[in-house]
Amino acid sequence: MIAAGITGISGWVPEYRLTNDELSTMVDTTDEWIMQRIGIKERRILKGGLATSDMGTEAVKKLLEKTGTKPGEIDLVITATITPDMQFPSVSTLICHKAGLTNAWGYDLAAACSGFLFALTTAEKFITSGAHKKVIVVGADMMSAITDYTDRTTCPLFGDGAGAVLLEPVEEGLGLIDNILEVDGSGYKNLHMKAGGSLRPASIETVQNREHYVFQEGQAVFKVAVSKMADVSVDIMKRNKVKPEELKWLVPHQANMRIIEAVARRMGINKEQVMINIQKYGNTTAATIPLCLWEYESRIKKGDNVILAAFGGGFTWGSVYLKWAYDPK
Ligand code: UT7
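Because the structure is predicted, anything quoted here is derived from the model rather than measured.

A short note on the overall build of the protein chain
Thought 1: On a plain count of helices and strands, the protein chain comes out with 10 helices and 13 strands.
Thought 2: Its C-alpha atoms give the protein chain a radius of gyration of 19 Å, within 12% of the compact-globule value 20 Å for 329 residues.
Thought 3: In the protein chain, which comprises 329 residues, the proportion classed as buried is 56%.
Thought 4: If you take every contact in the protein chain between residues at least 6 apart in sequence, the share linking residues at least 24 apart comes to 76%.

A few points about the environment of valine 77
Thought 1: Structurally, valine 77 can be placed in strand β4 (residues 76-80).
Thought 2: Along the primary structure valine 77 and threonine 93 are separated by 16 residues, whereas in three dimensions their C-alpha atoms are 8.3 Å apart.
Thought 3: Those residues in contact with valine 77, other than ones at most four positions away along the chain, are Ser92, Cys96, Leu101, Trp105, Gly106, Tyr107, Ile136 and Val138.

Brief notes about the nonpolar core
Thought 1: By size, the foremost hydrophobic cluster in this structure holds 81 residues, and its most contacted members are Ile6, Leu120, Leu250, Met267, Leu293, Leu308 and Leu322.
Thought 2: Ranked by residue count, the leading element in this core is helix α7 (residues 218-239), at nine residues.
Thought 3: For this core, the domains that each give at least three residues are domain 1 (3-174) and domain 2 (177-323).
Thought 4: In terms of nonpolar packing, the next biggest core, distinct from the first, is built from 21 residues, Leu63, Leu64, Val77 and Val91 among them.

A word on the domain arrangement of the protein chain
Thought 1: Structurally, the protein chain comprises domain 1 (3-174) and domain 2 (177-323).
Thought 2: Between the C-alpha centres of domain 1 and domain 2 the distance comes to 14 Å.
Thought 3: Counting residues at the interface gives 52 residues for domain 1 and 48 residues for domain 2.
Thought 4: Here domain 1 meets domain 2 over a buried area of about 3,800 Å², counting both sides, of which 64% is carbon and sulfur.
Thought 5: Where domain 1 packs against domain 2, one counts three salt bridges.
Thought 6: Across the salt bridge formed by lysine 302 and glutamate 171, the nearest N and O atoms sit 3.1 Å from each other.
Thought 7: Elements represented by at least two residues in the side of domain 1 that touches domain 2 include exactly β1 (3-12), α2 (31-37), β3 (42-45), α3 (52-67), α5 (115-128), β6 (135-142) and β7 (160-170).
Thought 8: Looking at the side of domain 1 that touches domain 2, the element that brings in the most residues is α5, giving seven residues.

What to know about the site of the ligand
Thought 1: Lining the immediate environment of the ligand, one finds 23 residues, of which Thr29, Arg37, Gln219, Asn256 and Asn283 sit closest.
Thought 2: One nitrogen or oxygen atom from the side chain of tryptophan 33 is found 3.4 Å from a nitrogen atom belonging to the ligand.
Thought 3: Contacts to the ligand include histidine 253, whose side-chain N or O atom sits 3.0 Å from an oxygen atom.
Thought 4: At the level of secondary structure, the elements contributing two or more residues to the shell around the ligand comprise α2, α7 and α8 (257-267).
Thought 5: Of the residues forming the shell around the ligand, the biggest block, four residues, is contributed by α7.
Thought 6: Here the shell around the ligand is composed, by residue class, of 11 nonpolar, eight polar and four charged.

A closer look at the sheet that holds strand β11 (residues 249-252)
Thought 1: If you trace the four strands from one edge of the open sheet to the other, you get β8-β13-β12-β11, paired in mixed fashion. Either end of the sheet is taken by a strand with one partner, and the two such strands are β8 (175-183) and β11. Each strand of the sheet is rotated relative to its neighbour by a mean of 15°, with strand direction disregarded.
Thought 2: Of the pairings in the sheet, the one linking β11 to strand β12 (residues 305-312) comprises four bridges and is parallel in character. Residue valine 251 lies in a different strand from β12, and its bridge partner there is leucine 308.
Thought 3: Strands β8, β12 and β13 (316-323) of the sheet are contacted by α5, whose axis makes an angle of about 130° with β8.
Thought 4: Each of β8, β11, β12 and β13 is contacted by α7, which is oriented at about 155° to β12, the strand it contacts most.

Remarks on α3
Thought 1: Between its first and last C-alpha, α3 extends 23 Å over 16 residues, near the 22 Å set by a 1.5 Å rise per residue.
Thought 2: Residues of α3 that are buried include every one of Thr52, Ser53, Met55, Gly56, Thr57, Ala59, Val60, Leu63 and Leu64, and no others.
Thought 3: Buried residues in α3 make contact with β1, α4 (91-98), β6 and β7.
Thought 4: Among the residues trailing α3, glycine 68 stands out with phi positive, at a value near 65°.

Conventions and cut-offs
- Residues numbered from 1 in each chain as written.
- Predicted model: local features only at pLDDT ≥ 70, side-chain atom pairs only at ≥ 80, totals over all residues.
- Heavy atoms only, no water.
- Helix = DSSP H or I, 4+ residues; strand = E, 2+ residues; numbered from the N terminus.
- Rg over C-alpha atoms; globule rule 2.2 N^0.38 Å.
- Buried < 20%, exposed > 50% of the residue type's maximum accessible area, 1.4 Å probe, protein only.
- Contact = heavy atoms within 4.5 Å.
- Core = buried A, V, L, I, M, F, W, Y, C linked by side-chain atoms within 4.5 Å.
- Domains from an automatic or database assignment.
- Buried area = accessible area lost by both parts, 1.4 Å probe.
- Salt bridge = Lys/Arg side-chain N within 4 Å of Asp/Glu carboxyl O.
- Near = heavy atom within 4 Å.
- Polar contact = N/O pair within 3.5 Å; in protein donor to acceptor, adjacent residues only side chain to side chain.
- Nonpolar A, V, L, I, M, F, W, Y, C, P; charged D, E, K, R; others polar.
- Pairing = 2+ DSSP bridges.
- Axes fitted to C-alpha atoms, helices over the stretch in contact; angles between N-to-C directions.
- Expected span 1.5 Å × (residues − 1).

In structure tokens:
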């Protein structure tokens, strides 16, 4: 049986920092409210006519350089995103072109904030089946493209960024061990984009009604996010017999500091076991988990028990249990 594991990680965020102070000149909000209710200090915003594939390409180029991989060695790219540059072609296709991945094929996967977990689990199958040797999973979103900067209930939440991991065969017993992935389409009404798809194609009316932005019933989403993310994280610990003190890292989706704290409490772990960078980047949707891994990479050791957990639009949610496959370089 071939085991699949992450063997390299990289991230890229735009330079522009949209601070809470700047946001409070745009909508009726304050740094104090945002810090207390969400825990975000600033988020990065992509400017200059660039898009999701540009962030993904930068992350992939850095990943190749870092891992000493030639572009032609990559077999497949799977990008998790809900903000593709355009409806088609896919972001993965554009990344293959821009990063010179001449022997790779690729496609996108849409599962909102759980996208990275769904893509990682899908990519794993190409390695464990023996079909491919080197697969890149990208989590990238330009949330500023679908954020309504006149709506104070959603605009403080989101930011732009991209993370990328290399997945390869690893020593047996390391890498991806288990996953629990779930969806509930009835949750769509509390978190979705009203127009721009086949149900309500773009029209003057949809633009005038500001329907091309994230719509969210915050409180309803908050409650389900805490319970579902905690349920699957506790379940995956139990069925793999990982005690709270044996878990080295929880890598939670970064949507709200209060959600992260509640999930950690339910799992019986303390803050030192949790990767957190929400204060710097906000919710970058599919990019939150790889961006956390990228920032904490130097502190993760071979054999560490790591649980990735996410909840997002759909609803979609899940947890992935892995044993880290390499020591910091
Ligand atoms: O990643 C995808 C999944 N998404 C999530 O996990 C997000 C889940 N939801 C949340 O994180 C939170 O619900 C929010 C951060 C979106 C909102 O926080 P909340 O504590 O649930 O606030 P609320 O919606 O209950 O609003 C409380 C009050 C309201 O005022 P009133 O009606 O009590 O007078 C809002 O109008 O806070 C007001 N408010 C604000 N005040 C200052 C809402 N947004 C703001 C704001 N600044 N930006």
